[in-house]
Every structure is written in structure tokens, then in C-alpha cells.
Amino acid sequence: MIEFKNVTKTFGKTTALDHICLSIPKGKIIGILGPNGSGKSTLLKMVVGLNKANSGSLSIDGKNPSQETRNSISYLPEIDYLYSWMTIQQAADFVKSFYRDWDEAKYKELLSFLELKPSMVIKKISKGMRAKAKLLLSFSRNADLILLDEPLSGIDILTRDRIIETIIKDYRAGDQTILITTHEIREIEGILDEVFFIRNGKVALNGDVETLREEHGASLIEIMKEVYSNENSQW
Amino acid sequence: MNFDHTKPIYLQIIDYIKKQIIGGELTIGDKIPSQRELAQQLKVNPNTVQRAYREMEAMELTETIRGQGTFIVEKKQLLEELQLEMAEALLKNFILEIRSLGYDDKEIIKLVEKYQQKLGEELS
């Protein structure tokens, strides 16, 4: 379980997270939703330990974020973090050297599932393929906690489908936790257990997705529009 | 299969299985896909499929045999029961809607008979 208690994070004069409180249960696929600039990515980075809170506390299974908690987290950043001169195989070897939970069999299987080749050079492949390569490296580890920051952003529809399939393919329900931030809800509606709508660094609405659908008689997109109706933000 | 995202997905998965039984694609005693297979096929969360399977088991539509999989229950009247259930759901909607147009129940029956005849002629 991940618990944010009254966490505030500012960057200069900008407040990214504003006394946010939320607890994320184990073993589910969780959507962190909201428009650009709502604080979603900051939230993920804090779990990984890349951002530190100005105030408040954050715990992962009762521990403070540290190298130890980091070892069981597979994090897919939104930015292109892979060395562009590397081949996919070199990037895989690189990740493998850091994490003991690397699963070679899964890596091989995902390579063909995602239609990637070990010899492909990162800088020479398309954006969609790079997105798939990032996903490949994240999912080739048997991590208990997988964090995906905007995994669908700027990706074509067919590739999106393949990415969704990859996320649920070997998912260990009840055991593994996957956090996905996105402002593109349509594609991931079907795979989320719970959602947190973030607005101005706070939780605007959260809950079990099926229950929200029942209560609102609406899809997540419609609920999201309701939640943010007072703003002119774009997503 | 496309989901209506304004309704709970697990209920739509149950309807999907029921429709397959009514449509004859599945019959009593048939094995249905594993939860993992169905989750991948429908691109939904395995937890949601698990919930649908739990409900189907509770409503005695399916039974799970350890190590073998999940099967449609061996129950002779299952097909008729499901047909009736779906027919009732359609009728309920229909009657409520047509009443709201101002027809009383006798008029509704007349309208239905008249339209059945019309439809019969159109189709023949």
C-alpha cells in the first residue's frame, strides 16, 4: 500500500501537490487521471523517490521511499530516457544490470509480442516503437509495483491496443500494483480497478471504477468532464 | 466486443456469456475461456473478469472445477430460463417506454398485434 499524508510539493512558485492525501491499495490497476499540469507525474516521481516532499509524509508498504523500496518498483517515465545510440538489447542489458528481478523469458516473449527486435537502434525507430521498447523494459521485470507515466501519449491507436494488451497480459491480480497516469482515458477505461482524479494538486474524486460507473451512470470520460467542468483545462 | 462504459463492465461480461448461450455458441457443459484468456480477449482488467466469474458462479450459471476450468452448468432448462430472463428485460423496457407515450395496457396489446401483422407482411 502507498500512502500520501498531507503531502505538499512545490517547484519555485508553482504548487504541484497541495496537502494531498491518498492511499493506494495493493494488487490493483490504478489510474491517476487529470489534465496536464494537475500533479500526476510529480506524484509518481515521489513514489520512485525522484521528488522529495516539502512537507507531509509518504510511505510504501510502511517504509519511506529509499533504494530498498526502489528495487521493487519498475518505473516508465514519460520522457525518452533510453540512450538513443543503444540497441534494444543493449538497453535491456543495461536495465538487467541494475535489477535482480529481471525475467529473461518474459523479455524474449514480450519482444516478439511487441514486434521488436534486439538489434533495433533506439534512435532509428519510430516514436510508437520507442514507446513499446520502454514498455518492454518495464514489463520484463517481475516488479511488485509498476509505474507508468503517460504510456499512451502520442501513440497511434493500433500501438495503443498492443500496449493495453501488454499491461494486462501477465498481470498478477491481487499481487501486483500498477499505477498509470494519463489524460487519455478512453483506451484504459476497461483496465482500471480504481481511479484518482487529480485537480490542482489535490484529489478531486476517487473510487472503484465499476462503482463510479454505477453511481454516475456514466463513463470515466463523462465523470472526468464533470469533475473538471469548472475549468478550461484541456486534455 | 465493445463495452458501454457507462455501465459496470462485469455485468456486461455476464451478459456476453448469456448471449452466447442464447445464440447457441455455448451450450450446457461447455468450457468457457479462463479468466486470463477472457481478460486478454476483451482487453479488460483481470480483476473485473474475476468479479464476473464470481457472480456467474453465485447465480449458478457456471461452475468451476479445480484444475479443469470453468463450465456452463449442466442444467436442461438453462436456455429457456435465460431466454425468458432477457425477454422480460426487453418487455419491461418496452412497456415502460410505451406507457410514457400515453397508451393504456389494452391499447398496447392491440398495437403489438397490429404491428406483428405489419411486420409479418413486410417480411414475407
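Above this text you will find the structure in question.
None of these values were measured; they are calculated from a predicted model.

(A) Seen up close, the pattern of salt bridges. Residues and elements named next belong to chain A. Under the criterion given, the structure shown has 24 salt bridges over all chains. Across the salt bridge formed by Lys108 and Glu104, the nearest N and O atoms sit 3.4 Å from each other. Linking Lys108 with Glu104, this pair stays in helix α4 (residues 104–113), spanning 4 residues, or about one helical turn. On the accessibility criterion, Glu104 (27% relative accessible area) is partly exposed.

(B) Region of the structure containing the nonpolar core. Residues and elements named next belong to chain A. With 53 residues, the main nonpolar core has Ile88, Leu148, Ile178, Ile180, Leu192 and Phe197 as its most contacted residues. Examining the composition of this core, we find that 6 residues originate from one element, helix α5 (residues 127–139), more than from any other. Residue contacts for Ile88: discarding those within four places in its chain leaves Tyr107, Leu111, Leu116, Lys117, Pro118, Met120, Ile122, Ile125, Ala133 and Leu136.

(C) Inspection of a nonpolar patch on the surface at higher detail. On the surface, a cluster of nonpolar side chains totalling about 480 Å² of accessible area is made up of Tyr83, Trp85, Phe94 and Phe98 of chain A. Looking at the element boundaries, Tyr83 of chain A is found in the loop between β5 (73–76) and α3 (88–98).

(D) Geometry of the packing of helix α4 (residues 78–99) of chain B against helix α5 (residues 105–123) of chain B. Residue and element names in this part refer to chain B. Relative to each other, α4 and α5 sit at 115°, their axes nearing to 11 Å. Considered as vectors, α4 and α5 are oriented roughly perpendicular to each other. Our pair here, α4 against α5, has a crossing hand that is right-handed. Taking contact as the criterion, the partners of Phe94, Ile98 and Arg99 in α4 are, on α5, Asp105, Ile108, Leu111 and Val112.

The rules behind the values
Residues numbered from 1 in each chain as written. Chains lettered and ligands numbered in written order. Predicted model: local features only at pLDDT ≥ 70, side-chain atom pairs only at ≥ 80, totals over all residues. Heavy atoms only, no water. Salt bridge = Lys/Arg side-chain N within 4 Å of Asp/Glu carboxyl O. Helix = DSSP H or I, 4+ residues; strand = E, 2+ residues; numbered from the N terminus. Buried < 20%, exposed > 50% of the residue type's maximum accessible area, 1.4 Å probe, protein only. Core = buried A, V, L, I, M, F, W, Y, C linked by side-chain atoms within 4.5 Å. Contact = heavy atoms within 4.5 Å. Patch = residues over 30% accessible without salt bridge, like charges linked within 9 Å, V, L, I, M, F, W, Y side chains within 5 Å. Areas by Shrake-Rupley, 256 points an atom, 1.4 Å probe, with all protein chains shown as cover. Axes fitted to C-alpha atoms, helices over the stretch in contact; angles between N-to-C directions. Parallel < 35°, antiparallel > 145°, perpendicular 65-115°, else oblique. Left-handed = near helix turned anticlockwise from the far one by under 90°.

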